[in-house]
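Structural characterization, general
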Amino acid sequence: MIANQPRATAIMPVYNREQYLKETIDSILTQTFQDFEFIIIDDGSTDRSVEIIESYHDPRIKLFLNEKNQGTSYSRNRAIDLSSGEYIITIDSDDINVPDRFAKQIAYMDSHSEVGICGSWVKTIGEVEGELWRCAVKPDVVHCRTLFEAVLCHPSTILRRKFLDLYSLRYTIELKRAQDWDLYCRGARHFAIANIPEVLVYYRWRNYPKNLSDEELKSERYYFFYEIDKRNFQALNLQATEDEMLIHRRLGNLELKKDSDFVTKANKWLDKLHSANKVAHVYPQRTFFQVLAGYWLEVCNNASSSPLETWHRFFDSPYLEISSLTAIDRAKILGKRFVKESYFNLKKALKSGKAN
């Protein structure tokens with residue numbers, strides 16, 4: 001290591017964040033781990049953001065200004081290229097970092113040399129207050145779930161700079177959203193990605209539309225989902241129809257429908273993914289099997305029509321075994337199945353009694 005080179009570089013793009021910026025910067029400068037530089041890229045702010053940043057006189061802060069607004073991917077890539085730390089710690093300019101976040105993540109990375117990206121659990125603040133996001137922890141599970149979702153909360157992540165350079169990994173500028181998810185998908189093919197099961201960031205979250213119609217989910221607003229899905233399917237040598245793309249996106253967003261037609265289509269699509277991976281070997285097969293079982297469980301648990309039929313379908317599925325689930329999940333499923341069957345049997349008996 002070069003003399004006086006910091007162990008880590010915290011990088012933070014900023015665009016018109018005067019309302020939250022001071023609280024975020026204070027949460028960085030008061031970290032228990034102090035051996036880092038703090039690169040801030042202002043992306044053409046028109047409010048007091050630059051003034052607030054310049055009011056600090058901490059030598060670790062290095063402020064750079066984009067000549068015009070370029071977007072977060074450009075700004076993060078610029079910060080990475082300017083960085084000198086062994087680790088890159090990602091910061092969003094409106095979140096709050098717990099005081100020992102850097103210390104805990106750097107200690108984890110130091111002891112897990114195979115891990116290239118590590119996030120943490122987060123708790124939400126802002127419009128949606130107090131939700132605890134328990135992100136998947138184990139690298140194999142994280143890898144498999146990147147086929148459906150981002151899995152890591154981006155402003156909680158630390159990245160191993162050596163791996164970013166070795167595999168030519170940077171944020172994709174063409175994607176206006178979900179650039180982090182795209183990075184995880186590409187990175188997970190080369191190294192392990194994990195989460196620390198502890199809240200290290202208070203994440204400012206906003207209310208987003210739910211229960212989207214097919215037309216809304218297929219709109220231009222969500223194009224980035226399908227761009228990333230297409231790339232993941234290419235790795236599996238899989239050609240998806242428009243209908244299958246929509247089914248996959250509903251699974252990934254947990255925007256599940258309750259009707260039996262959706263249940264049938266989801267069943268067939270998960271089967272297709274399972275078969276494709278058996279040939280392509282993109283994801284660890286046993287874990288992939290378990291992850292698919294988890295999504296199938298969500299589908300069955302959400303279905304409202306013919307509950308008994310749906311639960312029998314879960315157990316009789318030709319590609320998902322009950323043994324692929326954890327003991328806790330098995331207990332939950334068996335318990336729910338027993339309760340549902342008991343309820344319907346009781347209801348049937350009562351109706352029969354009234355008839356007599």
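Quick notes on the rules
- Residues numbered from 1 in each chain as written.
- Predicted model: local features only at pLDDT ≥ 70, side-chain atom pairs only at ≥ 80, totals over all residues.
- Heavy atoms only, no water.
- Helix = DSSP H or I, 4+ residues; strand = E, 2+ residues; numbered from the N terminus.
- Polar contact = N/O pair within 3.5 Å; in protein donor to acceptor, adjacent residues only side chain to side chain.
- Contact = heavy atoms within 4.5 Å.
- Salt bridge = Lys/Arg side-chain N within 4 Å of Asp/Glu carboxyl O.
- Buried < 20%, exposed > 50% of the residue type's maximum accessible area, 1.4 Å probe, protein only.

Now for the side chain of S73. Tracing the sequence through the fold places S73 in helix α3 (residues 72-82). A distance of 3.4 Å separates a polar atom in the side chain of S73 from the backbone oxygen of T172. With near-sequence residues (within four places) excluded, S73 lies in contact with Y171, T172, I173, L175 and Q179.

On to the pattern of salt bridges. Going through the model one piece at a time under the given rule, you end up with 20 salt bridges. When the shortest N-O distance is used, the salt bridge between E198 and K104 registers 2.3 Å. Of this pair, E198 sits in strand β9 (residues 192-205) while K104 sits in helix α4 (residues 101-111), placing them 94 residues apart in sequence. Residue classification places K104 among the partly exposed residues on the basis of a relative accessible area of 29%.

Here N237, not a glycine, exhibits a phi torsion of approximately 55°, which is positive. In this fold, N237 is placed in the loop between α9 (223-235) and α10 (242-253). N237 gets classed as exposed once you look at its relative accessible area, which sits at 67%. Backbone geometry places H281, a non-glycine residue, at a positive phi of 55°.

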